[in-house]
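What follows is each chain in one-letter form.
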Amino acid sequence: MKTRILAITTVLAVGFSGTCFAGSYSNDFSSGVGAASLRGSAVVDSGSVRLTPNAGGNEGSLVIDNLDPGRTVQSFDASFTLAIGPGSTPPADGVSFSFGPPPGGTYGESGAPTGIAVVFDIYDNGETPTPPVIRIMVNGTQVAATTGTLFTAGAFVPVSIHVDGGGLDLNFNSGAIVFTNALLPGYVPSSQYQFTFGARTGSLAAEQRIDDVAITTSVAAPLAVPTLAEWGTIALAGLLALFAAFALRGARTGRIGTSRRV
Ligand SMILES: [Ca+2]
Ligand SMILES: [Ca+2]
């Protein structure tokens, strides 16, 4: 007498995902710009990116590819070195670091018009406070500013920037200019935002370079933890699957027992 064993396996897969995905860009420009593009007067030269030469009428940008396509950056850390000079007297015009939609074409020290722009403004166009000044812009509006010496005579000085829900921290030239938790009213990051640098010269000029760029982002992944109601549905589905398995086995065993022998 044959015995059939019916095995029903129910697999309940429940996914948990609290991981923070991080994008990153790191380059010492010893061999090109990697996942980024140069615009205008910007070139890789002597192991760094020369955004503008020490000549008037130039504008150059470095646009880094979207580090987290389709995801919204919750926080980021950016560091780089910045060299301004040699230049005219006074030098002009400055450098920007932005996190926003890259403007079309080239752009300079004003940065991206939407999102965050950190403006290293070295020339007085009537701004308040009077340059040289580091200005924090959100959607084109100044939200914080601190004056100080930005001309470095060609020496690279370190810059670090951190942005999270508490605001923006910045350290320029080993503490020469510092921002701590500068509030960013109106800042709403978008999955379309990219990290970019820009610089410009006008009738006056300065050589303006960046090097050793390192950026990392944190992006909150959507949580897939079941709700209490979903846990109830999962438990009910499991019980029904077990009940169906026993019922089916019972029906098959009964049919075998009453079958005629030949
Ligand atoms: Ca370098
Ligand atoms: Ca200016």
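Student: So what about the overall build of the protein chain? Which residues, and what values?
Tutor: If you tally the helices and strands in the protein chain, you get 1 helix and 16 strands. Residues counted as buried form 34% of the 262 residues belonging to the protein chain. Of the contacts formed within the protein chain by residues at least 6 apart in sequence, a portion of 67% connects residues at least 24 apart.

Student: Describe the sheet that holds strand E10 (residues 133–138), listing the residues and the values that go with them.
Tutor: Strand order in the open sheet formed by 7 strands is E3-E6-E15-E8-E9-E10-E11, with antiparallel pairing between adjacent strands. Sheet topology places strand E3 (36–40) and strand E11 (141–147) at the edges, where each strand pairs with a single neighbour. The average undirected angle you get between the axes of adjacent strands in this sheet is 15 degrees. By the bridge criterion, 7 bridges tie strand E8 (residues 94–100) to strand E15 (residues 194–200) in an arrangement that is antiparallel. Residue pairing across strands places Gly100 opposite Gln194, the latter belonging to E15.

Student: So what about the nonpolar core? Which residues, and what values?
Tutor: In terms of nonpolar packing, the biggest core is built from 51 residues, with Leu62, Leu82, Val118, Ile161 and Ile210 touching the most fellow members. Looking at this core, the element that brings in the most residues is strand E7 (residues 75–87), giving 6 residues. Each residue touching Leu82, except ones within four places of it in the same chain, is listed here: Val95, Phe120, Phe156, Val157, Val159 and Ile210.

Student: Can you explain the environment of Ser110? Please cite residues and give values.
Tutor: Looking at the element boundaries, Ser110 is found in the loop between E8 and strand E9 (116–121). According to the C-beta neighbour criterion, Ser110 is partly exposed, with 19 such atoms within 10 Å. The sequence separation of Ser110 and Phe197 amounts to 87 residues, and the corresponding C-alpha distance is 10.0 Å.

Student: Summarise unusual backbone geometry; cite the residues concerned and give the values.
Tutor: For the bond running from Gly85 to Pro86, omega is 0 degrees, close enough to zero to count as cis. Counting through the fold element by element, Pro86 comes out in strand E7. Between Thr89 and the following residue, Pro90, the backbone shows a cis peptide bond with an omega angle of -5 degrees. Position of Pro90 relative to the elements: it lies in the loop between E7 and E8. The backbone phi angle of Phe29 is positive, close to 60 degrees, even though this residue is not glycine. Examined against the element boundaries, Phe29 turns out to sit in the loop between strand E2 (24–27) and E3. Within the chain, Ser46 stands out as a residue other than glycine whose phi angle is a positive 55 degrees.

Student: Quick rundown of the pairing of E7? Include the residues and the values.
Tutor: Across 10 bridges, the pairing between E7 and strand E16 (residues 206–220) is antiparallel. In the strand pairing of E16, Leu82 is matched with Ile210. Sheet topology note: the E7/strand E12 (residues 157–164) ladder contains 7 bridges and is antiparallel. Paired with Asp77 across the bridge in E12 is His162.

Student: How would you summarise the pairing of E15 if you had to cite specific residues and measurements?
Tutor: Taking burial as the measure, the 7 residues of E15 include 7 buried ones, the bulk of the element. A two-sided burial pattern is seen for E15, the buried positions comprising Gln194, Thr196, Gly198 and Arg200 on one face and Phe195, Phe197 and Ala199 on the other. Sheet analysis places strand E6 (residues 59–64) next to E15, joined by 5 bridges and oriented antiparallel. Note that in E15 the partner of Val63 across the bridge is Thr196.

Student: Any details on the confidence of the model for the protein chain? Residues and values, ideally.
Tutor: Confidence in the prediction for the protein chain averages 87 pLDDT; 80% of positions are at 70 or higher. With pLDDT under 50 throughout, residues 1–19 is counted as low confidence; its partners more than four residues away or in other chains account for 22 contacts.

Conventions and cut-offs
Residues numbered from 1 in each chain as written. Chains lettered and ligands numbered in written order. Predicted model: local features only at pLDDT ≥ 70, side-chain atom pairs only at ≥ 80, totals over all residues. Helix = DSSP H or I, 4+ residues; strand = E, 2+ residues; numbered from the N terminus. Buried ≥ 20, exposed ≤ 12 C-beta atoms within 10 Å, placed from the backbone. Contact = placed C-beta atoms within 7 Å. Pairing = 2+ DSSP bridges. Axes fitted to C-alpha atoms, helices over the stretch in contact; angles between N-to-C directions. Core = buried A, V, L, I, M, F, W, Y, C linked by C-beta atoms within 7 Å. pLDDT = per-residue confidence, 0-100.

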